[in-house]
Amino acid sequence: MGEFSPIHWMIVALVILVLFGGRKIPEVMRGLGQGIREFKEGMKGDHPGQPAADPPANSPVNPPPSTPTEEKK
């Protein structure tokens, strides 16, 4: 397995063009770019359009659950 010459790359590009057609390639590339962008945003933790993870300061806090009492005999 050696290096690929430019002729090999042209043959691969031609086969891809024949399989997918000229109209499908931009759609596939756009989808690939969007997927990569979403993956990077997910790795950073950035979610545009969503509120921040910190709750508002004046939100009520739930009290801890009460402990069970002894059964009366």
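Source: prediction; values computed, not measured. (Residues numbered from 1 in each chain as written. Predicted model: local features only at pLDDT ≥ 70, side-chain atom pairs only at ≥ 80, totals over all residues. Heavy atoms only, no water.)

(A) Representation of the overall build of the protein in the model. Broken down by element type, the protein carries one helix and zero strands. A buried classification covers 0% of the 73 residues belonging to the protein. For the protein, the accessible surface area stands at approximately 7,800 Å², while carbon and sulfur atoms represent 64% of it. (Helix = DSSP H or I, 4+ residues; strand = E, 2+ residues; numbered from the N terminus. Buried < 20%, exposed > 50% of the residue type's maximum accessible area, 1.4 Å probe, protein only. Areas by Shrake-Rupley, 256 points an atom, 1.4 Å probe, with all protein chains shown as cover.)

(B) Region of interest: the pattern of salt bridges. Applying the stated criterion to the full structure yields one salt bridge. The shortest N-O distance in the salt bridge between Lys-24 and Glu-27 comes to 3.8 Å. Taken together, the residues Lys-24 and Glu-27, both in helix H1 (residues 6-44) and three residues apart, mark about one turn of the helix. (Salt bridge = Lys/Arg side-chain N within 4 Å of Asp/Glu carboxyl O.)

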